[in-house]
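# Residue-level structure breakdown
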Amino acid sequence: MTQTEAPAASRTSGLTAAEVAQRVARGQVNDVPVRSSRSVGEIVRANVFTLFNAVIGTLFAIVLVVGPIQDGLFGFVIIANALIGIVQELRAKRTLDSLALIGEARPTVRRDGRSQEVGTSEIVLDDVIELAPGDKIVVDGTVAEADSLEVDESLLTGEADPVLKHPGDPVLSGSFVVAGGGAFTATKVGREAYAAQLAEEASRFTLVHSELRSGISKIIKYCVMLMVPAAVGLVFSQLVIERADVAEAVRRMVAGIVVMVPEGLVLLTSVAFAIGVIRLGRKQCLVQELPAIEGLARVDVVCLDKTGTLTEGGMDLSEIRLLDGTDGGPAAGEAYVRQALGALGESDPHPNASMQAVIDACPAPDGWRWRETLPFSSARKYSGAALSEPDGSSGTWLLGAPDVLLPEGHPALAETEALNAEGLRVLLLARSELPLEELAEPGGAVGGAARVTGAVQPLALVVLEQRLRPDAGDTLRYFAEENVTAKIISGDNAVSVGAVAAKLGLPGARRPVDARRLPDDQESMGEVLEEGTVFGRVTPQQKRSMVGALQARGHDVAMTGDGVNDVLALKDADIGVAMGSGSEATRAVAQIVLLNNSFATLPSVVAEGRRVIGNIERVANLFLTKTVYSVFMAWAVILAHVPYPFLPRHLTLLSSLTIGIPAFFLALAPNRERARPHFVRRVLRLAVPFGLIAGVATFTTYLLARAHYGAAESTREAETSAATLTLFLIALGVLAIIARPYTWWRLLLIATMAAGFLTVLVTPWLQEFFALNLEGLMMPWAAVGIAVAGVAGLEVAWRIVPRYWPDLPAAAH
């Protein structure tokens, strides 16, 4: 576990510029494309070559052959929808690609004897790449130098324990450094690297694994299943029973079929996601997988690692408290301790935030030398070095957690607890006569700390002051208001973490839990997690177990973090959120990366996800109501042996004014309700009764109009106009219910749609274009009366259904 100081001459100098150029010319470059989004060709294909476009395109082609262009308006709408989808995704692609470039890792390579940062795509075969804690290994290679180098290969092998690497050992792309440092020589680059294909696939812009998208796909499949028998029945009814000419029968069959497909719902979902990515991108938030927006909206527990989220990365050395027995008296003792701390800092090639605060306050002293080092790891809770002092004496020095290095009941622990209670971080400086190898834990297991306890001489408490993030308090309050439970899970002392959380106003922070006392079985651990808010001394494996225990109790869990000790938990959580300044390993496994390192960005992500999910559920009610009443009308016509009342142009007009245009605005409105599961079931609970009411009322008006006007060929337009008036008013009633709660712009939207339909009815050339003509007074007013009764039925259904099925989308009630 330790490494002896190596002579500077043994340091590998790396390739020369000429050697790099030769390898580039031979194509031995790490040219795996790191893609944050779909290619332009994939975007075009995804928006053009779909099942829905195939169905609608076929119907559009049929109408162009048999009927006037007015009846093919729905085809132009599909073309416009595809263009809008392509443009929006291209905008999202540009945003994602630029942000991915900003957040891309830049490994340090040695060339011409100097260290320099390069992009991952610039690495060539035989490059010497330096490693530090948190670095992701981006290509396969062989270790050239090792300074207590520990590599976590869990993302490749599933084995959680870090592997100690020595010179000559292989390292694989996709693993990452958890402790120590060193360098390795690249032996496989590009697509030959072990994890290259996995990395490329994982970085793609994708809409898979989304309940929203899969739910909509399921709805579309049902619609297609209903379309085929309805199409056959309509053609048979119009040709054989009504003896209509072929062109007229086909037009009315198309009218009955085309409205069954909620094609606009698919478009709006894509547009809403794309706009969400763009909005978050402007706030320096990189969404690596689109479902993360939806996933975070469903989260009800967010687990926060204190360092880097509640506190800033930097620390300040507040004071050094000498313990009884320090040689030389207080003045001489503190000077001596500062020298030892400076020597420890100098021996650490990759200092963490705590050690950096020590280095800043205690410069490296003259005459001290280090021979061996033990790097800090979150599992071990301490670091160390074998130091030689100016007088020639030598010994082993440790710096780490007092409650790990000291035996229970030691007086210094009480002092440590008091300091922790003030929100201060406390480290213990200790000395031992034992060799460093005997003080190192095999495999980094904390469970063996008893071997260290009692073998060290405690000298001083090093008190560090943590810098609170100024926005952390507001962010925690936001989560509380949104019914999202925040839990602090940290490797630091529980009392100290609780004090920091208490300063930020987190409920339950005054009752922190020491994770070393947590039960091992998942069920018991879950019970403790439900009650507690702050957990300290949590090991990396425990973080992972805690996420699993919360998920087992039905929670959707988000995990935030920035250090390598958070990687396993980030990977297992429903949503992983990493800080942009965090280790490359955390950024690699997280679905969301906060490039500005601001924890305050997280509420924006939650709000964006809730806006997308809540609003898509809202507008889905509009689209599926249309599907239900169109299916009802088709079968009612078949069974009643009457002509289909509408032409495609009528339903295009109705769909545009009551669904298409309003849905676009409603889909982009603010929405703060937390998303819930069972999307399809909740939407159908309103859409089915609404659609049936609309269908029954419309068909009733149509039958009355046929009886009133005489059901002749010359009165077909008047009959259709009366049925269209009823259907529009009821569809407008559905829109009025779905748009609740009302705001000024929602009321204006409803009024504008009503005015648009009225304009069509009173403008002569629009009447002719859409084949609408209300004759007389009795039937139009009867159509209005039936529509009023239908709207009353909508209100009754809207109030009764929640009593029996309370889990309705909040947007609807």
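For clarity, every value in this text was computed on a predicted model and none was experimentally measured.

## Comments concerning the overall build of the protein
Counting its regular elements, the protein contains 29 helices and 22 strands. By residue count, 58% of the 813 residues in the protein fall in the buried class. Across the protein, contacts joining residues at least 24 apart in sequence account for 74% of those joining residues at least 6 apart. Of the accessible surface of the protein, which amounts to about 31900 Å², a share of 59% is contributed by carbon and sulfur atoms.

## Some words on the sheet that holds strand β19 (residues 534-536)
Within the open sheet, the eight strands sit side by side as β9-β22-β21-β20-β10-β17-β19-β18. Their pairing is mixed. Every other strand in the sheet has two partners, leaving β9 (285-287) and β18 (513-514) as the edge strands with one partner each. Bridge analysis of strand β10 (residues 301-304) against strand β17 (residues 485-489) gives four bridges, and the strand direction is parallel. Residue pairing across strands places V302 opposite A486, the latter belonging to β17.

## Quick word on the environment of N671
With respect to the helices and strands, the residue N671 is situated in the loop between α24 (648-667) and α25 (679-709). Spatially, the C-alpha atom of N671 lies 6.8 Å from that of N615, the residues being 56 residues apart in sequence.

## Considering α25
Between its first and last C-alpha atoms α25 spans 44 Å; for 31 residues at 1.5 Å apiece the expected length is 45 Å, and the two agree. The principal kink in α25, of about 30 degrees, is found at R685, preceding the proline P689 by one to four residues. The first or second residue beyond α25 is G710, which carries a positive phi of 100 degrees.

## Section: the nonpolar core
Membership of the largest hydrophobic core comes to 125 residues, with the highest contact counts inside it found for L296, I592 and F690. The element contributing the most residues to this core is helix α23 (residues 602-640), with 18 residues. In contact with I592, not counting residues within four places along its chain, are C285, L286, A292, L296, I575, G576, V577, A578 and V605. One finds V358, C362, W370 and A460 within the second-largest nonpolar core, a separate group that totals 24 residues.

## So, unusual backbone geometry
Here R740 and P741 are connected by a cis peptide whose omega angle stands at -5 degrees. By secondary structure assignment, the location of P741 is in the loop between α26 (716-738) and α27 (744-762). The phi angle at D126 is positive, at roughly 75 degrees, despite the residue not being glycine. Looking at the element boundaries, D126 is found in the loop between β3 (114-117) and β4 (128-131). In this structure, A771 is a non-glycine residue whose phi angle is positive, near 55 degrees. Relative to the helices and strands, A771 resides in the loop between α28 (764-770) and α29 (778-804). For A771, a relative accessible area of 11% gives the class buried.

## What about the environment of L666?
Mapped onto the elements of the fold, L666 is located in helix α24. With 52 residues separating them along the chain, L666 and G614 place their C-alpha atoms 10.0 Å apart. When residues no more than four places from it in sequence are discounted, the contact partners of L666 are N615, R618, V619, L622, L735, A739, W745, R746 and L749.

## Remarks on the environment of P643
With respect to the secondary-structure elements, P643 resides in the loop between α23 and α24. Residues P643 and M253 lie 390 residues apart in sequence; the distance between their C-alpha atoms is 9.9 Å.

## A closer look at a negative patch on the surface
Residues D520, D521, E523, E527 and E531 make up a contiguous surface patch of negative charge. Mapped onto the elements, E531 comes out in helix α19 (residues 522-531). For E531, a relative accessible area of 68% translates into the label exposed.

## Here's the deal with the confidence of the model for the protein
Considering every residue of the protein, the mean pLDDT works out to 79; 80% of them sit at 70 or more. Of the regions scoring below 50 in pLDDT, residues 198-208 engages in 25 contacts with residues more than four places distant in sequence or in other chains. Across residues 808-813 the pLDDT falls below 50, and counting only partners more than four positions away or on other chains, this stretch makes 23 contacts in the model.

## Description of the packing of α26 against α27
Between α26 and α27, the least distance of the axes is 10 Å, while the angle of their chain directions is 170 degrees. Considered as vectors, α26 and α27 are oriented roughly antiparallel to each other. In this structure, α26 uses T724, L725, F728, L732, L735 and A736 to contact α27, whose residues at the interface are I750, M753, A754, F757 and L761.

## Looking at the side chain of Q591
Tracing the backbone shows Q591 in the loop between α22 (584-589) and β22 (592-594). In this structure Q591 comes out as buried when scored by relative accessible area, which is 13%. A polar side-chain atom of Q591 sits 2.5 Å from the main-chain amide nitrogen of G576.

## Digging into the packing of aromatic side chains
Taken as a whole and assessed by the stated rule, the structure comprises eight aromatic pairs. Both rings, one in F664 and one in F665, keep their centres 5.9 Å apart while their planes meet at 85 degrees; by these two values the pair is edge-to-face. Take F664: its relative accessible area is 31%, and that puts it in the partly exposed class. Of the residues examined, F665 reaches a relative accessible area of 44% and is grouped as partly exposed. Here the aromatic cluster, defined as three or more aromatic residues joined through ring pairs, consists of Y336, W368 and W397.

## Here's the deal with the pairing of strand β8 (residues 176-188)
Working note: regular strand, side chains alternate between the two faces of the sheet. For β8, a buried count of ten out of 13 residues is recorded, marking the element as mostly surrounded by other parts of the structure. Sheet analysis places β4 next to β8, joined by four bridges and oriented antiparallel. Following the sheet pairing, E130 is matched in β8 by A183. As judged from the ten bridges shared by strand β5 (residues 140-152) and β8, these two strands associate in the antiparallel manner. Bridge pairing links D152 to F176 in β8.

Analysis parameters
Residues numbered from 1 in each chain as written. Predicted model: local features only at pLDDT ≥ 70, side-chain atom pairs only at ≥ 80, totals over all residues. Heavy atoms only, no water. Helix = DSSP H or I, 4+ residues; strand = E, 2+ residues; numbered from the N terminus. Buried < 20%, exposed > 50% of the residue type's maximum accessible area, 1.4 Å probe, protein only. Contact = heavy atoms within 4.5 Å. Areas by Shrake-Rupley, 256 points an atom, 1.4 Å probe, with all protein chains shown as cover. Pairing = 2+ DSSP bridges. Expected span 1.5 Å × (residues − 1). Bend = angle between axes of the 7 residues up to and from the residue. Core = buried A, V, L, I, M, F, W, Y, C linked by side-chain atoms within 4.5 Å. Patch = residues over 30% accessible without salt bridge, like charges linked within 9 Å, V, L, I, M, F, W, Y side chains within 5 Å. Salt bridge = Lys/Arg side-chain N within 4 Å of Asp/Glu carboxyl O. Lys, Arg positive; Asp, Glu negative; His and termini not counted. Charge placed at Lys NZ, Arg CZ, Asp CG, Glu CD. pLDDT = per-residue confidence, 0-100. Axes fitted to C-alpha atoms, helices over the stretch in contact; angles between N-to-C directions. Parallel < 35°, antiparallel > 145°, perpendicular 65-115°, else oblique. Polar contact = N/O pair within 3.5 Å; in protein donor to acceptor, adjacent residues only side chain to side chain. Phe/Tyr/Trp six-rings, centres within 6.5 Å; stacked < 30°, edge-to-face > 60°.

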